[in-house]
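Here are the chains, one letter per residue:
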Amino acid sequence: MADLSINVMVEHDDFFLSINEEISLTGITGIFGHSGSGKSTLLKVIAGLENHAQGKLVINDLLARDALIDSEAKIFVAPQQRNIGLVFQNSRLFPHLTVEENLRYGQKRRKNTSVNKPLDFAEIVVLTKLDNLLSKSVAQLSGGEQQRVALARALLAEPRLLLLDEPLSALDDKNKSLMLILLDKVQKQLNLPMLYVSHSLAEIQQLANNLLVLSSGKVTHYGDIHQVIHQLTTNNEILHQTSLSLTMKGHLAEYGLTSLVLGDQQILMPLNQQIESDANTNTSIRCIIAASDISVTLHEPSESSIVNHLQGTITSFEPCKSQVLLTVNCSGQDFFVNITAWSAQRLSLIVDQKVFIQFKANSVRTLR
Amino acid sequence: MGLLQVRILISLLCLGLMLCSSPLVAAKNFVNLDEKNSDEEPLRIAVAANFAPTLRKLLARYNSDQKAFIKPLIIVASSGTLFLQIQHGASFDLFLSADSERPQLLIETDLAFKASQQTYAYGQLALWSAINDITLDPLIALKNNEQRLAIANPKIAPYGKAAKQVLESLQQWGDYKTRLIQGINIGQTFQQTRSQAVNLGIVSNSQLVLNNLKGVLIPTRLHQPIKQQLVILKRSQNSQQAKHFVKFLMNEKSQQFIAQSGYAKLSEVEEKIKGEVKGEVNTHE
Amino acid sequence: MNSTPPDILALITTLKMAGITTIILMLIGTPLAWFLAKMKSRGKVFIEALVALPLVLPPTVLGFYLLLLFSPQYLPGQIWQETTGQQLAFSFSAIVIGSVLYSLPFVVQPLQKAFEQLGDDLLEAAAMLGASALDRFFTIVLPITKASFITAASLGFAHTVGEFGVVLMIGGNIPGETRVLSIALFDHVEAFDYAQAHIISISLVISSLVLLSLIYLLNRPNKSRLKSSKPVTSQPALPDSVISKRQK
């Protein structure tokens, strides 16, 4: 199992970052935090662009165990030798080179230490949909196209780890979705571990399987993404929400709905045709349901326009001023529900009570 | 650069511009503050650099000796610079050149009075080293010197021209030609020799006397006399005063003083001239 | 050498001096400009002032001190004499050294400005793609700041050709070695040889105009240039000091 052992410290004028954590490098790890939390700094430390980092940073992948920073041994590996890629928020394409020359820049300098065969240039171009843009100059590209080139360029350098620093921040919504799909595809196809920094939890939730949360220069949470979001919700650190990964069952095209499997129940969400479904594999869809979008009934609703009703048991009851945060477990999945304290009292809700939760199809949100 | 720094830079630039103006207008103005007489116009004397110190002393003598009083404004520069300034309208009263060509040219172009043209001093060359005192006879020293020699540029400086004549007389010009450090005037030659960057220099003896240094005189027979001539300029408003001063300058006491200041003894030179007049036309290049 | 007309010889000497000076300046000016561009400490201002000094110092001041330093009286002159066996004062090497010092800001300032304008973004991206420092310089910095390099070299060259005061002090007017065009011009004027003086002057004016026009042409904002996502363009900026001095 590849991992990144971080035990570093960075001190600037009014900022102090101190991380001691071991992050596993499988799939995509999200790094979430508000402005000033230190997430970009952490990325720079890993990339080698932060000269004031002290401590120890060791990357353990299948081939080697490399100390990238070791202050005691006076080791500080330069960024160009770390074999780590970085996609920046601004694409930073080289203005004096064409798109193709930009792509080749990384490829020409790859370290060639991968066990896999070298990446095929054409394959990456097709994957990132840049076929028609190769001969163009950088100035002629749109924002979304520029980021795709930046991504492809970083990939062609064949890094063993890809860092992404708010790569979607400068894009419009449509391009955001496209990039998210692309990143997911790339990760799976190349089996390339990624660290994805963002201040948008929604973005991260769509991609990452692990989540590292930073606040004021320190790690506050690390673990499976749904669990961490769960914790964040419980700690009132974010808007209460339920984060899920569910398998898609099928489409109800004539009704504009997609069906997701939840144990022996199902959840209906707005039709999502962007998901390419393969008959053999079960496509998994990540979605978020805000706690304020779910309501509770004592009896199964029979004639309601609200399409989603799930049966479950109340497992926790948290009063919060005039609200109550309920955790309801349906078919093994915990759902967070916000209701007024008044309703909770009216319905006499208590822990272990069997209830039904309801929410509209539209409440099931996904970025893709 | 910040705004403050830009301002400082501009001020320094203006200062620099004033200081490093081209040689064409780089004359130094020297105002004698002791004798201020607000009613009278000063007597503007343009003097070649090498004679300036001597001139000042003579003026002091004049003002203490004579009944009349001169308030001088002394303009010091190279003869060439002063000449150009006069040509372009500078309002000097008296011009003391280091050569005889320029006064002659001024007369020919009707800028100066022919009657006033006369030789006020004869230049005396000296061989000097700032590194070792010269103990040998200068002619032998020049012959033996294998290194470089500093002289004033023969094409533009009268002392340089004389130095070239000396080397030619000694049949050494061809030998020295590639080893010369040429100064733009005798003043620079003196400075260059003084810096010890060159072993040996042919300088003006008056400079050595002024600075209390010891060199070896180069016999005047080896070169054409360095006639330093003066003229009174036609544009002058003060020609009476100028005439008076010139008379003083040319009297025996003053001439003796001039010789003591490091210029050639008049008698020696006159003998040579007498010898030349017999067969030669007085040439000026 | 004896058969070459003296003014042609002066021209050759001038070109040699300016050429060698420019090469030296590009070699030492580039790292110096880079160092200044990346420097963040307070000492930066002091070094910048030092580099800019020749802009405001009268050339005769610089020449005067150099003459002293190069003479055998002082250490630099002595060291030179010991290592090369030649005297430093009144030599070709002396005027090259003097020119390098005197034209330094004209080379360093445009380069420094260009490097500062380039910023760190593209260089960081290149590093993450595996490019070493030298690699980044040749594949990113140089191509993008190309025009500034040409400007710096041209300014350094032109300024050196026009130099008079420093060469006057430390040159010694030796034909073929230190008698450059500006000195030759002065000689002609002093010797009333105005015809030759005009020839030299007009040639200098014309060649300077041509060179400067080239520089300003290169510095025009060029609309067909490639733009990146960041407002970094290959348009070099003339430092203000140069613009104001050229307006003299």
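Throughout what follows, the structure given in this document is the object of discussion. (Residues numbered from 1 in each chain as written. Chains lettered and ligands numbered in written order. Predicted model: local features only at pLDDT ≥ 70, side-chain atom pairs only at ≥ 80, totals over all residues.)

Next up on the list: the overall build of chain B. What chain B contains, in helices and strands, is 12 helices and 11 strands. Sequence-distant contacts in chain B: of pairs separated by 6 or more residues, those separated by 24 or more amount to 79%. (Helix = DSSP H or I, 4+ residues; strand = E, 2+ residues; numbered from the N terminus. Contact = placed C-beta atoms within 7 Å.)

Turning our eyes to something else, we now look at the packing of helix 4 (residues 143-156) of chain A against helix 5 (residues 173-190) of chain A. All names here are of chain A. Between helix 4 and helix 5, whose axes approach to 10 Å, the crossing angle comes to 15°. By the angle between their axes, helix 4 is roughly parallel relative to helix 5. Crossing angle aside, the handedness with which helix 4 passes helix 5 is right-handed. Packed against helix 4, whose contacting residues are Gly143, Gly144, Gln147, Arg148 and Leu155, the element helix 5 presents Asn175, Leu178, Met179, Leu182, Val186 and Leu190 at the interface. Its residues placed into classes, the contact of helix 4 with helix 5 shows 6 nonpolar, 4 polar and 1 charged. (Axes fitted to C-alpha atoms, helices over the stretch in contact; angles between N-to-C directions. Parallel < 35°, antiparallel > 145°, perpendicular 65-115°, else oblique. Left-handed = near helix turned anticlockwise from the far one by under 90°. Nonpolar A, V, L, I, M, F, W, Y, C, P; charged D, E, K, R; others polar.)

In this assembly, 19 residues from chain B lie in contact with 24 residues from chain C. Taken together, the elements giving at least two residues each to the side of chain B that touches chain C come down to helix 1 (3-19) and strand 8 (180-183) of chain B. When residues in the side of chain B that touches chain C are grouped by element, the largest group, 5 residues, is from helix 1 of chain B.

The subject of this paragraph is the environment of Arg102 of chain B. Residue and element names in this part refer to chain B. Positionally, Arg102 belongs in helix 4 (residues 101-108). Overall, the presence of 25 C-beta atoms within 10 Å leaves Arg102 in the buried class. Sequence spacing of Arg102 and Val231 is 129 residues, and the spatial spacing of their C-alpha atoms is 9.6 Å. In this structure, Arg102 is in contact with Ser79, Phe83 and Ser97, ignoring residues within four places of it in sequence. (Buried ≥ 20, exposed ≤ 12 C-beta atoms within 10 Å, placed from the backbone.)

Our focus in this paragraph is the nonpolar core. Ranked by size, the top nonpolar core spans 195 residues in total, and within it Leu163, Leu195 and Tyr196 of chain A, Val47, Phe95 and Leu96 of chain B together with Ile170 of chain C carry the most contacts. Among the elements that take part in this core, helix 5 (residues 92-118) of chain C stands out by supplying 14 residues, more than any other. Apart from the residues within four sequence positions on either side, Val47 of chain B is in contact with Ala52, Leu55, Ile74, Val76 and Leu96 of chain B. (Core = buried A, V, L, I, M, F, W, Y, C linked by C-beta atoms within 7 Å.)

The subject of this paragraph is the interface of chain C and chain A. Taken residue by residue, the interface counts 20 residues in chain C and 25 residues in chain A. For the side of chain C that touches chain A, the elements supplying multiple residues, two or more each, are helix 6 (121-128) and helix 7 (133-144) of chain C. Broken down by element, the residue count for the side of chain C that touches chain A peaks at 6 residues, all from helix 6 of chain C. Looking at side-chain class alone, the side of chain C that touches chain A contains 11 nonpolar, 5 polar and 4 charged residues.

This paragraph deals with the pairing of strand 2 (residues 15-24) of chain A. Pairing of strand 1 (residues 3-12) of chain A with strand 2 of chain A involves 10 bridges; the strand directions are antiparallel. Directly across from Ile6 of chain A, in strand 2 of chain A, lies its bridge partner Glu21 of chain A. (Pairing = 2+ DSSP bridges.)

Another point: helix 3 (residues 59-70) of chain C. All names here are of chain C. With 12 residues, helix 3 ought to run about 16 Å at 1.5 Å a step, and its terminal C-alpha atoms sit 16 Å apart, in line with that. Buried within helix 3 are the following residues: Pro59, Gly63, Leu66, Leu67 and Phe70. Seen end-on, helix 3 carries its buried residues on one side only, within an arc spanning 105°. Tucked into the core, helix 3 has its buried residues touching helix 4 (75-84), helix 5 and helix 9 (165-170). (Expected span 1.5 Å × (residues − 1). Arc of directions from axis to C-beta.)

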